[in-house]
Amino acid sequence: MRRRAAEYRRPVRRKLSCWICSLLGIFLIAGFVLFVVHHHHDREDHVEQPILGRESRNEEVVHEHLNLTQEISSANSYARQLAEQMTLAKAYIVIAKEHNNLHLAWELSSKIRSCQFLLSKAAMKEEPISLDEAEPIIKSLSSLIFKAQDAHYDIATTMMTMKSHIQALEERANAASVQSMMFGQLTAESLPKNLHCLEIKLMSDWLTRKSLQDFADERRNSPRLVDNNLYHFCIFSDNLLAVSAVVNSTMSNADHPKQLVFHIVTDVIHYGMMQAWFLNNDFKGSTVEVQNIEDLTWLNSSYSPALKQLREADSRKYYFDGSEDASIEPKFRNPKYISLLNHLRFYIPEIYPQLEKIVFLDDDVVVQKDLTPLFSLDLHGNVNGAVETCLEAFHRYYKYLNFSNPLISSRFDPQACGWAFGMNVFDLMAWRKANVTTRYHYWLEQNADRTLWKLGTLPPGLLAFYGLTEPLDRRWHVLGLGYDLNVDSRLIESAAVVHFNGNMKPWLKLGISKYRPLWERYVNHTHPYLRDCATH
């Protein structure tokens, strides 16, 4: 049989050797991959170790600057457990003492001191409390608390006891608050020693210097007092230094002070000293008129319900007899509420019958900008130009008036915006036309039994000027410097008038120190009398 040619023979052995080579190659590749992967994991392990080390070192740094307040607020901290146990232990001390278990109370107090010492130590070191430190105290306190519970100081007893103590503390706090308000009110009503000294010196001048009285008589008939081309301001007060600061600040900030006329009304006691002060001092050419309220003879009890009510014995008792009615707020027990000077603002058109427009200023304001532009404001036929105070809800009508009375609820909107006395521009012609004073008298008579409002002049003012008030820009009159420590400084700086309403008047020691310079700059401390009185 013939053999095939070599090229046509089957390569059996050669094919087997190819398969063996292929398998060896696969094993080699797999081994290489495994080696690479293993080596990569080893590198990751080596990299992670220093990172973890850094994290542990960071934790150590945090512990070195531990905030104990944050530590106590943490639910899992030992400081939190100690603080909670101390609170519970203090409650059981009160109960133990009430049950005459003084030994238990002493033991609890001792453990509380240990807790406080440990917390203080942690705060000083700025390190967290460790388990070794906390565990003995926590266990011993827990044991004492269980002991207290076994002594029948259960949760119900604890709650009732603590409730009675809370009520007692609230009563003491309320009593202290009322007492503080009363003392504050007494201080606000008192006359500073230096001001009393100044008044005595001025009164002596008025009584001994006949020339001053003659000069006052001459000024009384000045045509400037009734000239409607000038700018007229009225102030009703018995506080000499306060009125002087108002006049001084107003004319100091006026563009043309010689065009200003100030009308002051005071009581018979302060009339002479007021005259002596304003006649002896120069106010840059401004005219200052001082009147005695006793000279307003038309203002009597038959005409004015206000004067009639103020002179009644019941009214004085209502204002001053604190033992009869504890519901009356201390701030209403103030002599100004039974002073007719406080009510003269409702009689301005009759006091100054020839004037057409006037700006009313309280004696506890300071003027910081020229006020003459007020006289050119368009009040749109209204009588009273005033800054509204209803940015807060409590300055709306329903907070001042008794809307449960149909006489009020049927005529007024309880959400109507309140406004402030202290800096008001009055159109006296519109006032006379609207008979505002007659409206004021009507509401005074309706409130003879004091059921429509409490006290003060603002509630009847809100009624008398209802629908007749033109809101002014807030910057004309900024309030609160006599009680609010947080009046916006930017608002104060931009204000034309700042008002020290409240008990903390700037001339008193209890005045708010950061606001006092606003007032002090308009007091002439170089005056010989003021300088002399300041040293006494």
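Residues numbered from 1 in each chain as written. Predicted model: local features only at pLDDT ≥ 70, side-chain atom pairs only at ≥ 80, totals over all residues. Heavy atoms only, no water.

Basically, it comes down to this: UniProt positions are given in the numbering used here, feature names are shortened, and annotations may be inferred rather than shown by experiment.
As recorded by an unreviewed UniProt entry, the chain carries the name Hexosyltransferase and is attributed to Nicotiana tabacum. We quote the UniProt Pathway (unreviewed entry) comment for the chain here in full: "Glycan metabolism; pectin biosynthesis." In the Subcellular location (unreviewed entry) part of its UniProt record, the chain is described as follows: "Golgi apparatus membrane".

1. Let's talk about the state of the cysteines
Covalently bonding the sulfur atom of one cysteine to the sulfur atom of another cysteine gives a disulfide. Here is the rule: We call a pair of cysteine sulfur atoms a disulfide when they lie within 2.5 Å. Numbering goes from the N terminus for both helices and strands, where a helix is a DSSP run of H or I of at least four residues and a strand is a run of E of at least two. Throughout, exposure labels follow a simple rule: accessible area from a 1.4 Å probe, protein chains only, divided by the maximum for the residue type, with under 20% read as buried, over 50% as exposed, and the rest as partly exposed.
Inspection of every chain in the model, using the stated rule, returns two disulfides. One disulfide in the model links Cys197 with Cys533; its S-S distance is 2.1 Å. Residues Cys197 and Cys533 are joined through a disulfide that is left-handed, its torsion about the S-S bond being -75°. A residue pair is termed long-range when its members are at least 10 positions apart, and Cys197 in helix α7 (residues 193-208) and Cys533 in helix α21 (residues 528-534) qualify at 336 residues. Take Cys533: its relative accessible area is 1%, and that puts it in the buried class. With its sulfur 1.8 Å from that of its partner, Cys390 forms a disulfide with Cys417. Handedness here is read from the sign of the S-S torsion; for Cys390 and Cys417, about -100°, the answer is left-handed. Taken together, the residues span a long stretch of sequence, with Cys390 in the loop between β6 (384-386) and α14 (397-400) and Cys417 in the loop between α15 (406-409) and β7 (423-427) at a distance of 27 residues.

2. Topic: the pairing of strand β3 (residues 287-292)
The criterion, for reference: Pairing between strands is defined by DSSP: at least two bridges between them are needed. Note on handedness: a crossover is taken as right-handed if, strands pointing away from the viewer, the path from the first strand over the helix to the second is clockwise.
Counting buried positions over the six residues of β3 gives six, a clear majority of the element. Side-chain alternation along β3 places Thr287, Glu289 and Gln291 on one buried face and Val288, Val290 and Asn292 on a second face that is also buried. In this structure, strand β2 (residues 260-266) lies alongside β3, joined through six bridges in parallel fashion. Residue pairing across strands places His263 opposite Glu289, the latter belonging to β3. What joins β2 to β3 is helix α10 (residues 268-280), and the crossover it makes is right-handed.

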